[in-house]
Amino acid sequence: MRLTDQDLLALLPRSPEKRSTTEIFERLARSGHAVTARSIQRRLVKLSGKYPIVSDERSKPYGWSIMRDAPPTIGAISLQEAIALKMGQRYLTEALPVEVVDDLRTYFVLADEKLKESKLYRAWMDRVRLISPVQPLVKPRIARSILVACYDAVLKGLRLQLKYEKGAGTIKEYQADALSIVVRGPVTYLLVKFEWADDVALLAMHRIRSAVVTEQKNLGAPDFDLDRFIQTGAFGFFPEGTELLRVHMYDGAGTHLLETPFSAAQELKEVAAGEHVLTVRTQITQQLKWWLLGFGERIEVLAPASLRREFKGRFQAASRRYEA
């Protein structure tokens, strides 16, 4: 693989950081370049006559860097940076403000160009996927103007004037503090605090019909903590409180929990060949119920009693439908 000037420049950090010849050699070798540390040193010395790069020899280990005041166009992204950008474009753009994605588009193009230089790294993009463990659904469309307004309000901590469709064509107008954005599967949620409500509300962004950013600062939830909110089970939907869950799992249904536990505190006891009893204290949520229902006849809920009664009723109703 031919080593270009841009390949070398891409590996140099901006001063005051520096990177030693050995580090540069190791990175290039991992990328498939047949070079030596000595040839790299000679090449860098030659490049320093054409580009604003310097060697810092004031203290060991010596290192090379791009001058602090060099134009931002000096240097190019490395192959590793290119693949990171493309993976980010593929999987993370929905979690970024629209303006940030727009600003990154030039870098995405540069990443595409960079990956053309390496069959090895270009092939990586064809061999790696992040997939959802649940049934994939088509993502609902969200108007760009609404995305821009919601991300802007969250970023700046401002209130939004909203029109929201609650269902069956019923549209309500609200003014709400924009707190956070959470992407959960195909749906993006805006977390808001209404002035007249005690709790934080989740609004599906595809149901927002208009969103206007006001100049009023958020006032309703000064101590809101997104991680703590998630831990309450809010995104499991309709948490019913924490209970001791006990489930008898048949036909090997519980085996995967040995490798991917339900939680660090789970107890998984093998009671017979292919049979396990899962015991764990957890939030009882709709998401938990969907997970359990996915096992069908291979599970029996033992506790809590209220959940056992609910599942018994569900399976009896399902049986009647199939017998009709």
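This text follows the structure it describes.
Every value quoted in this text rests on a predicted model; they were computed, and no experiment measured them.

Rules behind the numbers
Residues numbered from 1 in each chain as written. Predicted model: local features only at pLDDT ≥ 70, side-chain atom pairs only at ≥ 80, totals over all residues. Heavy atoms only, no water. Helix = DSSP H or I, 4+ residues; strand = E, 2+ residues; numbered from the N terminus. Rg over C-alpha atoms; globule rule 2.2 N^0.38 Å. Buried < 20%, exposed > 50% of the residue type's maximum accessible area, 1.4 Å probe, protein only. Contact = heavy atoms within 4.5 Å. Areas by Shrake-Rupley, 256 points an atom, 1.4 Å probe, with all protein chains shown as cover. Expected span 1.5 Å × (residues − 1). Bend = angle between axes of the 7 residues up to and from the residue. Core = buried A, V, L, I, M, F, W, Y, C linked by side-chain atoms within 4.5 Å. Pairing = 2+ DSSP bridges. Axes fitted to C-alpha atoms, helices over the stretch in contact; angles between N-to-C directions. Salt bridge = Lys/Arg side-chain N within 4 Å of Asp/Glu carboxyl O.

Asker: Mind showing me how you'd approach the overall build of the chain here?
Answerer: Looking only at helices and strands, the chain has 10 helices and 11 strands in total. By the compact-globule yardstick of 20 Å for 324 residues, the chain is too spread out, its C-alpha radius of gyration being 27 Å. Expressed along its principal axes, the backbone C-alpha trace of the chain runs to roughly 80 × 60 × 40 Å. Within the chain, the fraction of its 324 residues that count as buried is 37%. Taking all contacts inside the chain whose residues are at least 6 apart in sequence as the whole, residues at least 24 apart take part in 62%. A total of about 20,000 Å² of accessible surface is found on the chain, and carbon and sulfur atoms cover 53% of it.

Asker: Even after reading the chapter, I still don't get helix 5 (residues 98–115), so can you show me in this structure?
Answerer: Residues lying three or four places apart along an α-helix face the same way, a consequence of the helix completing one turn every 3.6 residues. The terminal C-alpha atoms of helix 5, which comprises 18 residues, lie 25 Å apart, in line with the 26 Å expected from a rise of 1.5 Å per residue. A maximum bend of about 40 degrees is found in helix 5 at R105. Looking at the buried side of helix 5, the elements it contacts are helix 1 (5–10), helix 4 (79–91), helix 6 (119–127) and helix 7 (144–156).

Asker: Any chance you could explain the nonpolar core here in plain terms?
Answerer: The tendency in soluble globular proteins is for nonpolar side chains to be buried side by side. C150, L160, L190, F194, I208 and A211 are the most contacted members of the largest nonpolar core, which has 31 residues in total. If you list the elements that add at least two residues to this core, you get helix 7, strand 3 (158–167), strand 4 (170–184), strand 5 (187–194), strand 6 (201–204) and strand 7 (208–217). Contacts of F194, omitting those with residues within four sequence positions, involve Y174, Q175, A176, A201 and L203.

Asker: Sorry if this is basic, but what is going on with the sheet that holds strand 5 here?
Answerer: Through backbone hydrogen bonds, the strands of a sheet pair up, either in parallel or in antiparallel fashion. Read from one edge of the open sheet, 5 strands run 6-5-4-3-7, paired in antiparallel fashion. At either end of the open sheet lies a strand with only one pairing partner, and these are strand 6 and strand 7. Going from strand to strand, the sheet's axes swing by 50 degrees on average, the running direction of each strand aside. Across 8 bridges, strand 4 lies against strand 5 in antiparallel orientation. In the sheet register, A178 faces strand 5, and the bridge partner there is V192. Helix 7 rests against strand 3, strand 4, strand 5 and strand 7 of the sheet, and its axis sits at about 30 degrees to strand 7.

Asker: What's the story with the pattern of salt bridges in this structure? I'm lost.
Answerer: If charged atoms from side chains of opposite charge come close, those side chains can pair. What the rule picks out here adds up to 16 salt bridges. With its nearest N and O atoms 2.9 Å apart, the salt bridge here joins K86 to D112. Note that K86 is positioned in helix 4 and D112 in helix 5, a separation of 26 residues in sequence. Residue classification places D112 among the partly exposed positions, given a relative accessible area of 34%. The salt bridge partner of E240 is K289, with a shortest N-O separation of 2.6 Å. Taken together, the residues span a long stretch of sequence, with E240 in the loop between helix 8 (226–231) and strand 8 (242–249) and K289 in helix 9 (residues 286–293) at a distance of 49 residues. Its relative accessible area of 46% is what places E240 among the partly exposed residues.

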